[in-house]
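Results of the structural survey
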Amino acid sequence: MKSKFTICIPTYNRGKRALKLVENLLLNLKEDQSVLVLNNASTVETEAYLKIKNILHSSWDIRNYCFFICWINFGLRVSDLLSLKIRDLFDCEWQINEYFEICEQKTWKWNKIWIPSKVKLALEEYKETYPDIIEDWENYVFFAKKSYPLWIKPIWRIQAWKLISNWAKDVW
């Protein structure tokens, strides 16, 4: 079942609070709903983020799980993360690269991002779940579920911003 509604939780150094929210949300989520946690490369309360990762891994679809894992490990802005294509993470034999280079959209600086083993495990699962997506290098890794075909457009940054804003207003 495709997710029709996503709850986005932006957080920075508030892992325990985010964990409590995720646990409460999962009790009430329906099959067509999902949760997205953005931790902005937090350095405090990381054990709570690991618990969130484990909870989400068992309940999320693999696209959102990979987004969460890449967000934590790459430390990129959302716009940069959403612009990742299959060619950035996989080589010509569909194996996961050791690193990728990205030009940050805000600063226009080139960065070499190493892909850690935790991300590689998530990407292997992604590759098994979405074999059609990785066949074309121009497909987006974090694709919009409303696009057709499914993987030709990334998740919209504006939509993510609206979700984050609405959620932040409700919480704070």
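Residues numbered from 1 in each chain as written. Predicted model: local features only at pLDDT ≥ 70, side-chain atom pairs only at ≥ 80, totals over all residues. Heavy atoms only, no water.

Observations regarding the pattern of salt bridges
Taken as a whole and assessed by the stated rule, the structure comprises five salt bridges. In this structure, the salt-bridge partner of Glu98 is Lys120, at a minimum N-O distance of 3.0 Å. In this pair, Glu98 is assigned in the loop between helix H5 (86–89) and strand E3 (99–103) and Lys120 in helix H6 (residues 117–129), connecting sequence segments 22 residues apart. (Salt bridge = Lys/Arg side-chain N within 4 Å of Asp/Glu carboxyl O. Helix = DSSP H or I, 4+ residues; strand = E, 2+ residues; numbered from the N terminus.)

Focus on the pairing of strand E1 (residues 5–10)
Among the six residues of E1, five are classified as buried, and the element is accordingly described as predominantly covered. Sheet topology places E1 next to strand E2 (residues 33–38); six bridges connect them, and they run parallel. Bridge pairing in E2 links Pro10 to Leu38. (Buried < 20%, exposed > 50% of the residue type's maximum accessible area, 1.4 Å probe, protein only. Pairing = 2+ DSSP bridges.)

Things to note about the side chain of Asp88
By the secondary structure assignment, Asp88 is in helix H5. Despite its burial, Asp88 pairs with no opposite charge, the nearest such side chain being Arg87 at 4.2 Å. (Lys, Arg positive; Asp, Glu negative; His and termini not counted.)

Describing the nonpolar core
Counting residues in hydrophobic clusters, the biggest one holds 40 residues, and the most contacted among them are Phe74, Leu81, Phe100, Tyr126 and Phe142. Only E1, E2, helix H3 (62–74), helix H4 (78–82), H5, E3 and H6 provide two or more residues apiece to this core. If you tally residues by element for this core, the top one is H3, at nine residues. If near-sequence neighbours (up to four positions away) are discounted, Leu81 is found in contact with Phe67, Cys70, Trp71, Phe74, Leu76 and Phe142. (Core = buried A, V, L, I, M, F, W, Y, C linked by side-chain atoms within 4.5 Å. Contact = heavy atoms within 4.5 Å.)

Quick notes on H3
Under the 1.5 Å per step criterion, the end-to-end length of H3 is 17 Å for 13 residues, consistent within 8% with the ideal 18 Å. Within H3, 11 of the 13 residues are buried, leaving the element largely enclosed by the surrounding structure. Considered for burial, the residues of H3 that qualify are Ile62, Arg63, Asn64, Tyr65, Cys66, Phe67, Phe68, Ile69, Cys70, Trp71 and Phe74. Positive backbone phi, at 65 degrees, marks Gly75, one or two positions downstream of H3. (Expected span 1.5 Å × (residues − 1).)

Remarks on the side chain of Glu104
Within the secondary structure, Glu104 sits in the loop between E3 and strand E4 (110–114). Overall, the relative accessible area of 12% leaves Glu104 in the buried class. At a separation of 2.9 Å, a polar atom in the side chain of Glu104 contacts the side chain of Arg77. Within polar-contact distance, the side chain of Glu104 engages the side chain of Thr107 at 3.3 Å. With residues near it in sequence (within four places) discarded, Glu104 still touches Arg77, Asp80, Lys109 and Asn111. (Polar contact = N/O pair within 3.5 Å; in protein donor to acceptor, adjacent residues only side chain to side chain.)

Focus: the packing of aromatic side chains
One pass over the full model with this rule turns up five aromatic pairs. A centroid spacing of 6.3 Å and a plane angle of 75 degrees characterise the contact between Trp94 and Trp137, whose relative ring orientation is edge-to-face. Here Trp94 is found in the loop between H5 and E3, whereas its partner Trp137 is found in the loop between H6 and helix H7 (157–171), with 43 residues between them in sequence. Ring pairs connect the aromatic residues Tyr126, Tyr130 and Phe143, which therefore count as one cluster. The positively charged end of Lys112 is found above the aromatic ring belonging to Tyr99, 4.4 Å away from the centroid. (Phe/Tyr/Trp six-rings, centres within 6.5 Å; stacked < 30°, edge-to-face > 60°. Lys NZ or Arg CZ within 6 Å of the ring centre and 35° of its normal.)

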